[in-house]
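Each chain is listed here by its residues.
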Amino acid sequence: MHTVSGGEVAGILVAVFWAILVSFLAVALARVAQTLKATTKLVAEVTDQAVPLLADASATVRSAQTQIDRVDSIASDVQEVTSNASALSTTVASTFGGPLVKVAAFGYGVRRALGGRKEDVPAKAPRRSVIVGRTVTRRSARGKRD
């Protein structure tokens, strides 16, 4: 019979320990490989979907920039028209404003002088105030008696 020495038992234990350790490492590496394979597949799918989305976003940004340029052009045209209209309004007001006011005032004065009061319109009663028992006729703002 062969007797097993302490050194042989220790060697067998070390061999069994290394076999178990290598088995655990092999399982862990297999799982890491599966995870990397799934991650690679996921990244490929995301890339396949992201590239068309980025192309669409780029086209949308270009279209928006074109529209902004058009709006900017329209706004500058409107600003130019507004300044031209303001200048024209100022010119017309300075050219015709003073004479038209004078003609209107002259026409009003002529009508007032020639027309007097119309007979079908009743004359206003003079404004009166009562001061300590007596009635006083007030003058209008123009200094004439009503």
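Keep in mind the model is a prediction, meaning the values are calculated, not measured. (Residues numbered from 1 in each chain as written. Predicted model: local features only at pLDDT ≥ 70, side-chain atom pairs only at ≥ 80, totals over all residues. Heavy atoms only, no water.)

1. What to know about the overall build of the protein
Next up, step 1: What the protein contains, in helices and strands, is 1 helix and 2 strands.
Next up, step 2: Start at the N end of the protein and walk to the C end: the helices and strands fall as α-β-β.
Next up, step 3: Here the protein, with 146 residues, has 0% of them falling under the buried criterion.
Next up, step 4: Summed over its atoms, the accessible surface of the protein is roughly 13300 Å², and 66% of this surface lies on carbon and sulfur atoms. (Helix = DSSP H or I, 4+ residues; strand = E, 2+ residues; numbered from the N terminus. Buried < 20%, exposed > 50% of the residue type's maximum accessible area, 1.4 Å probe, protein only. Areas by Shrake-Rupley, 256 points an atom, 1.4 Å probe, with all protein chains shown as cover.)

2. Points about the packing of aromatic side chains
Next up, step 1: Applying the stated rule across the entire model yields 1 aromatic pair.
Next up, step 2: Aromatic side chains Phe-17 and Trp-18 sit 6.0 Å apart centroid to centroid with 70° between the ring planes, which places their arrangement in the edge-to-face category. (Phe/Tyr/Trp six-rings, centres within 6.5 Å; stacked < 30°, edge-to-face > 60°.)

3. Some details on the UniProt feature "transmembrane region" (unreviewed entry) in the protein
Next up, step 1: UniProt's entry tags residues 12-32 with the feature "transmembrane region" (unreviewed entry), counted in the numbering of this structure.
Next up, step 2: End C-alpha atoms of residues 12-32 are separated by 30 Å, and the span's content is 100% helix alongside 0% strand. (UniProt positions renumbered as here; feature names shortened; annotations may be inferred.)

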